[in-house]
Amino acid sequence: MEQILKAKAINKKFGDVYACNNLSIELYTGEVVGIVGESGSGKSTLLNCLSGSLVPDGGNITYLDRDNNWLDLLSLPEPRKRNLLRTEWAFVHQNPRDGLRMAVSAGGNIGERLMAIGYRNYSQIRAEATEWIEKVEIDAIRLDDKPSIFSGGMQQRLQIAKNLITKPRLIFMDEPTGGLDVSVQARLLDLIRSLVRELGLSVIIVTHDLAVARFMANRLIVMKNGKIVETGLTDQVLDDPQHSYTQLLVSSILKV
Amino acid sequence: MSNSEEDFNFAYLDEQTKRMIRRALIKAICIPGYQVPFASREMPMPYGWGTGGVQVTAACLQETDVLKVIDQGSDDTTNAVSIRKFFERVAGVKTTENTGKASVIQTRHRIPEQVLSEDQILVYQVPIPEPLRFLEPRETETRVMHALEEYGLMHVKLYEDISINGEISTAYAYPVKVNDRYIMDPSPTPKFDNPKMNFCPAIQLFGAGREQRIYAVPPYTKVISLDFEDYPFEASRAEKTCEICGATNTYLDEVVIDDKGTRMFSCSDSDYCNSQKS
C-alpha cells in the first residue's frame, strides 16, 4: 500500500491554547483512519488543517495526486487547492446544511460538482445525478425536491452523493452521523462503508463515538488536549488500550 | 458655456466624483465584464430608479452630446421622463427620442431595436450586478469565484430552470460570458436582447448605484449567453405581430386595454415602432 497524505509536525494555536500540538499522521490509499477524542481535543481543527480550510501555524502537509505528484498543500496555489476540493477530495460536514445548497433541488446539488468541472450536457448531468441519488438509497422521484424538506438522514445521504459524484480519492468526514438517531445512523454507516470499499476511497473520519470508530476505521488516532496520545489498529486500541485516557474513554461507553 | 468655472461642474457631478467614476469606467473597459467597485454618490432620486446609470451618464456627458433615455424600451414612461428632464436641467444637453441621433443612451431593461453605431454609448441601469448573488450570498465568495473563473454554479441555476420548467425559463437578466472570461449580469433586459450585446459596435456601460459597481463591455466584444449543449440558448419573444406598426421581429409588450381583459401586443421600443409606422 502506498501513502496518499502525509502530515508532519502540524501546529495550530488559538490564543495560547494548542489545538494541534506537533501532530504527525499518515494516510494510506484505501485506508480509513478514525480520529477520536473528547470535545475540544483538537480533532476538528486537525481535520480542517488537513483539508485546507484552516492554515496551520507550522508543519507541512503533502498529498499524492491522481498523476502521482506529491503536492505541498501549504504552498499550493489557491485555484489548484479549490480544484482538488472539487475533484479529488470530498468533505462531509456534520451538519448537512453546511455542505448542501438548501434552496437548490437535490439533483442540482448532486450535479453541481459535475458542472463545476465543465459538464455542459443537461441529460448527462441528470442521468448521473439519478444514478447517484439511487446509490445513496433515496428514491429517484425525489430528485427535484429541495433538501430542506428532506429528513436529517436523507440530507446526510444527499451530501454524500453530492461529494462522491466526481469520484474523489480522499474524503474528510466530520462526525458524519452526529445528530442522527441510531437506526438511521446504522444504515448510513453501512452505506458509507460499502461505498468506501466499492470505490477504494481513503478516509479520515472524526468522531467522538467509539462505536462509529470501531465500525468504520481500520486505524485509530486518539487525541487529548491537542496531542496524539495513542494510535494503532482499531481493534487493538479499543480492546487493549494502553494510555490511561484511552482506557477511560473505552470504559465510559454505555452498555445496553 | 466655456472657459468659465461652470466647466468644472458640468453635468451635475463634482469634479472629484467625475474623475473617480471615469477611472472606474476606464478600468471596467479594460477588463470586460469585471465589476469595478466605485464610491457611488447619493443622487436626487431613490435607489432603484437608476442612480448608477445616472452617475455613469453624468460622467460621460459632454456639452455636444445628445441624450436619449429609455425605460422598458419607451421614451415616455416615468423613469425615462424624469431622468431626461434631470439632464436637460443640470447639464443643458440636447435630448432626443430618436435612437439614431443620440450619442449617449441611458436605458432601463431594454436594448434599442435599431442597431447601434461606433459613436454611441449605451448606459444600463443595474439593480443587482452580481449574477451569482442568489446562488451564493457571500460577496467575499463570489469575488473569489470570479477571480478563479469558478462558474459551475451559474449552470446550477439553469439546471434548476430545466428541471422545474422543462426549459431554461430565465427570461431576463440572462447570464452571459464576456470575452471568454467573466460571467456578467446584463441587467434585467429580456434575453431577446442578449444577442445584440455580442460584437456590438457601441460602448456598453453598466452602473449599479446602490451596489456600488460599474462594469462594461467594450465595442466588438464577444458576449455569449450561457446554455447547455442539449438545451441551447433561445432569444425568445412573444410569437405575435405589433398591432401598431406590424413588426414581426421586435420585442413586444402585452398590454391589457379594457376591463374585459382584451389584450394587444405592441413594440416595447416606442421609437422603433414610430419609425416603422411612418
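The coordinates are above.
About the cut-offs
Residues numbered from 1 in each chain as written. Chains lettered and ligands numbered in written order. Predicted model: local features only at pLDDT ≥ 70, side-chain atom pairs only at ≥ 80, totals over all residues. Heavy atoms only, no water. Phe/Tyr/Trp six-rings, centres within 6.5 Å; stacked < 30°, edge-to-face > 60°. Helix = DSSP H or I, 4+ residues; strand = E, 2+ residues; numbered from the N terminus. Buried < 20%, exposed > 50% of the residue type's maximum accessible area, 1.4 Å probe, protein only. Lys NZ or Arg CZ within 6 Å of the ring centre and 35° of its normal. Disulfide = S-S within 2.5 Å. Expected span 1.5 Å × (residues − 1). Arc of directions from axis to C-beta. Contact = heavy atoms within 4.5 Å. Polar contact = N/O pair within 3.5 Å; in protein donor to acceptor, adjacent residues only side chain to side chain. Pairing = 2+ DSSP bridges. Right-handed = clockwise from strand over helix to strand, strands pointing away.

Turning to the packing of aromatic side chains, a few remarks are in order. Within this structure, the stated rule accounts for 13 aromatic pairs over all chains. For the ring pair Y122 of chain A and Y231 of chain B, a centre distance of 5.0 Å and an interplane angle of 80 degrees mean the geometry is edge-to-face. Placement of Y122 of chain A in helix α5 (residues 122-135) and of Y231 of chain B in the loop between β10 (223-225) and β11 (252-256) is noted, with the two residues assigned to different chains. A relative accessible area of 27% places Y231 of chain B in the partly exposed class. Their ring planes at 55 degrees and their centres at 5.5 Å tell us that Y34 of chain B and Y182 of chain B sit as a pair that is tilted. Within this pair, whereas Y34 of chain B is found in the loop between α1 (15-30) and β1 (36-37), its partner Y182 of chain B is found in strand β7 (residues 182-184), the two being separated by 148 residues in sequence. The burial state of Y34 of chain B is the same as that of Y182 of chain B; both residues are buried. The lysine or arginine in question, R181 of chain B, covers the ring of Y182 of chain B, its NZ or CZ lying 4.2 Å from the ring centre.

This part covers the state of the cysteines. What we call a disulfide is simply a covalent bond connecting the sulfur atoms of a pair of cysteines. Taken as a whole and assessed by the stated rule, the structure comprises zero disulfides over all chains. Unpaired in terms of disulfides, C30 of chain B finds its nearest cysteine sulfur in C60 of chain B, a separation of 14 Å.

All names here are of chain B. Under the 1.5 Å per step criterion, the end-to-end length of α1 is 23 Å for 16 residues, consistent within 8% with the ideal 22 Å. Looking at α1, one finds that the buried residues are T17, K18, I21, A24, L25 and A28. All buried residues of α1 fall inside an arc of 130 degrees around its axis, so they share one side. Exposed positions of α1 whose direction lies more than 90 degrees from the buried face are Q16, R23, I26 and C30. For α1, the elements touching its buried residues are β1, α2 (51-60), β8 (203-208) and β9 (213-217). Between the side-chain oxygen of the N-cap and the backbone nitrogen of Q16 there are 3.2 Å, and the N-cap of α1 in question is D14.

Glancing now at the environment of I160 of chain A. All names here are of chain A. Looking at the element boundaries, I160 is found in helix α6 (residues 152-164). When its relative accessible area of 4% is taken as the criterion, I160 is described as buried. Residues I160 and L100, 60 residues apart in the sequence, show an inter-C-alpha distance of 9.9 Å. Those residues within four positions of I160 in sequence are excluded, and the remaining contacts are V92, V136, L188, I192 and L195.

The subject of this paragraph is the pairing of strand β7 (residues 170-174) of chain A. When a strand is regular, its side chains alternate between the sheet's two faces. Residue and element names in this part refer to chain A. Summarising burial for β7: five of the five residues are buried, a large majority. Every second residue of β7 is oriented toward a common face, with L170, F172 and D174 on one face and I171 and M173 on the other, all of them buried. Where strand β6 (residues 89-92) meets β7, four bridges bridge the pair, whose relative direction is parallel. Residue A90 lies in a different strand from β7, and its bridge partner there is I171. Taken together, the five bridges between β7 and strand β8 (residues 202-206) define a ladder with parallel strand orientation. In the sheet register, D174 faces β8, and the bridge partner there is V206. One crossover worth recording links β7 to the parallel β8 by way of helix α7 (residues 182-199), and it is right-handed.

Keep in mind these numbers describe shape, not what the thing actually does.
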